[in-house]
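Observations on chain architecture
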Amino acid sequence: MDAMQNPSDPAGQLDLNLDLDLGIELQDDLEGDTLREECGVFGIFGHPEAAAITALGLHALQHRGQEAAGIVSFDGSRFHSERRLGLVGDTFSRREVIERLPGIMAVGHVRYSTTGATILRNVQPLFAELNAGGFAVGHNGNLTNGLTLRRELVKGGAMMQSTTDTEVILHLVAQSRRGRFIDRFIESLRAIEGAYALVAMTNKKLIGARDPLGIRPLVLGDLDGRPILTSETCALDMIGAKYVRDIEPGEIIVFDEAGAHSHKPFPPKPPRPCIFEYIYFSRPDSIVGGRSVYDVRKAFGAQLARESHVEVDVVVPVPDSGVPAALGYSQHSGVPFELGIIRNHYVGRTFIQPTQSVRELGVRMKHSANRAAIEGKRIILIDDSLVRGTTSKKIVRMMRDAGAREVHFRLASPPILYPDYYGIDLPDRGGLLAATHSLEEMRDIIGADSLAFLSIDGMYRAMGEPGRDPANPKFSDHCFTGAYPTNLTDQNQVEAQPRQLSLLAEAS
């Protein structure tokens, strides 16, 4: 406590910093076997409480990004921006903040950084004053030529204020010489590659755009006649809006006082939505591409039971990611479903003591064994995916320490063999356990009695397809197959492309 009360004391401050650093390191270790969410976007046009509605929508999208949140509104003459690090509720649940965001039009964003550091300058929506007026944009996804375009823009005199690839879009719009704003926007989108769902706003328009393959999701809703654009249908449910339709791949939709205008400037292509929306990213109560995410995840579990069942006494989900798949596995196999692991949703960081003995117990801060449900039993653990294997190894050991006779591990997705460049924060291939080890080696590392993944064809069958068609895959499944659906311009550059660009360090 003395160090916290007197941070000017060098010795005390050193102890506090050590505690903080180790706490963050432990948290990173606990999260090392999970996928990181992308981002979420929300926009509304013509509502007198636009900012408050946007804040509620962002609450529903919080699972897509917990590092920062922002809202930009327009009151008819001025733009207003509030961007903060932390959760939506940390800032936007306060009345005084919402009152600083007047207007009938607003766009919002929740962020997990896949490019650019977690600093205030990178928090979206980004805003710029162009010669045609103000322009705000929020982006879910990742541009695969963002660094290349950035270098070209900087060489041409552009001054970048952030390290996020989204800023490239602002500069492309600003440099366009087209007469109408929508034509400038379209010209900018023609220059970018990769995955994007954009919600943007000018002083007259709310704009939504989805990449030509539909990798990232974007849906249209209606709240008492006012249009809403958002990443997932769960945000519509939160505010009592009705779902209208998905924004089509390659579509740009504009709302203004004259109504809705749809533009389709790109040649049509077979859609390739991201399969991870169904495996992990979307909330279970969302509808993505006409499919219930909850039902799909249960179907993954049922298919997993068809492919790799062993005789066990109980099915145990790894919370919360493995719950729907475990339900599907249990219902198909007839093996009872039990909550053999209890998750603590209130894990903190700064109180973790810098001692190795406590650090070894770190996984128990997040997950605790329910001994009554597993002691003396043969269990099968179900999770959605496996990245590094660090947390899986600790959970298996926890189950054995709690008295499980056998511990079998099943993953409701195929092995992740390749990195992602479209907005999922995955390690390079060397950091992916399945890319560097055989199935038996992974089983040994994790310490399970058996290990199995959902097959790629099985994953497609659970989605209602006959299997994966290599000539025309219906989803972006590159993390499993290496079949990237777009050019990877930044990755193919001869000149090294840093994953993190430099930026002046400053307090935020």
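Summarised in this report is the structure supplied together with it. Since we're looking at a predicted model, the values are computed, not measured.

**Concerning the nonpolar core**
- Counting 41 residues, the largest nonpolar core has I275, F276 and F300 as the members making the most contacts within it.
- Apart from the residues lying within four places of it in its own chain, the contact partners of I275 are M459, M463, F475, S476, D477 and F480.
- Within the second largest apolar cluster, 29 residues are counted, among which are L130, L149, L189 and I252.

**What about the pattern of salt bridges?**
- Under the definition given, this model contains 20 salt bridges.
- One salt bridge in this structure joins D256 and K205, with 3.4 Å as the shortest N-O distance. Residue D256 is located in strand 12 (residues 252-256), and its partner K205 is located in the loop between strand 7 (194-201) and strand 8 (206-210); the two are separated by 51 residues in the primary sequence.
- Between R400 and D449 there is a salt bridge, with its nearest N and O atoms 3.0 Å apart. One end of the pair, R400, is in helix 16 (residues 390-401); the other, D449, is in the loop between helix 18 (439-446) and strand 21 (450-453), and 49 residues separate them in sequence.
- Given a relative accessible area of 31%, R400 falls into the partly exposed group.
- Overall, D449 belongs to the partly exposed group, its relative accessible area being 37%.

**Observations concerning helix 16**
- The end-to-end C-alpha separation of helix 16 is 17 Å, in line with the 16 Å expected for twelve residues at 1.5 Å each.
- Inspection of helix 16 places T391, S392, K394, I395, V396, M398 and M399 among the buried residues, and these make up the whole buried set.
- Where helix 16 terminates, the next one or two residues include G403, which has phi positive at roughly 105°.

Rules used throughout
Residues numbered from 1 in each chain as written. Predicted model: local features only at pLDDT ≥ 70, side-chain atom pairs only at ≥ 80, totals over all residues. Heavy atoms only, no water. Core = buried A, V, L, I, M, F, W, Y, C linked by side-chain atoms within 4.5 Å. Buried < 20%, exposed > 50% of the residue type's maximum accessible area, 1.4 Å probe, protein only. Contact = heavy atoms within 4.5 Å. Salt bridge = Lys/Arg side-chain N within 4 Å of Asp/Glu carboxyl O. Helix = DSSP H or I, 4+ residues; strand = E, 2+ residues; numbered from the N terminus. Expected span 1.5 Å × (residues − 1).

Interpretation in functional terms is not warranted from these geometric data alone.
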